[in-house]
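What follows is each chain in one-letter form.
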Amino acid sequence: MSQIEAFENGYGACGYPMLMSILSGIELIGILNYPSTISARLLKHSSNEFFINGWNKLFSQQTRYSTEATRKIFRQLLRNGLAHMYLSKPNIVITRSHVEAHLKTENGVFFIHPIVFFNDFENSYNAIKTEMIQSTECQNRLNEILYLMKSESVELLGGKKLDLTKPVYAIGTPLS
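Residues numbered from 1 in each chain as written. Predicted model: local features only at pLDDT ≥ 70, side-chain atom pairs only at ≥ 80, totals over all residues. Heavy atoms only, no water.

Draft legend 1. Focus on the nonpolar core. Ile26, Trp55, Phe59, Phe74, Leu78 and Phe117 are the most contacted members of the largest nonpolar core, which totals 33 residues. Looking at this core element by element, the count peaks at 8 residues for helix α1 (residues 15-32). Excluding its chain neighbours within four sequence positions, the residues that come into contact with Phe74 are Leu23, Trp55, Tyr65, Arg79, Leu103, Phe110, Ile112 and Phe117. (Core = buried A, V, L, I, M, F, W, Y, C linked by side-chain atoms within 4.5 Å. Buried < 20%, exposed > 50% of the residue type's maximum accessible area, 1.4 Å probe, protein only. Helix = DSSP H or I, 4+ residues; strand = E, 2+ residues; numbered from the N terminus. Contact = heavy atoms within 4.5 Å.)

Structural data, given as structure tokens:
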């Protein structure tokens, strides 16, 4: 999506889908690196905890993202708006026109440049990717998540009973 060009008027170019994908990735990284077993209740009620965990894992070394205020803007104003209504909340501007405006606030308006954010996310992810791929804990969290998601699907779709003795994904085959 980062290769898609803006329209001649400077608008468009998949800013929302890019940001929602990145924000979902942050939450996934947070849950995969969560320090305890994932239960159905935790999965349903701890989205903010997972997001914070992922944000800290990715951006703790990047000072421009390290403040709680910046994280809250991305979670509460951008992620929640996009996830629930596919709109950022007021005073959040997604722009591919002005790289220098990224993370700046002017007259109460906060600017996000999706390409800059994507590049920062990608660099941070690449720095932790090998550790995550080799992590038994990350694989366990993935198995827990997939099992809970499959359980919900089976329940709602009236499918067959799950075999509780088998992991959804084989141990030792981590996904990247």
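Draft legend 2. Highlighting the sheet that holds strand β3 (residues 109-112). As summarised here, the arrangement of the 3 strands in space is β1-β3-β2, forming an open sheet in which the pairing is mixed. One side of each edge strand has no neighbouring strand; the edge strands of this open sheet are β1 (92-94) and β2 (105-106). Here β1 runs beside β3; their pairing, made up of 3 bridges, is parallel. Note on β3: the bridge partner recorded for Val93 is Phe111. (Pairing = 2+ DSSP bridges.)

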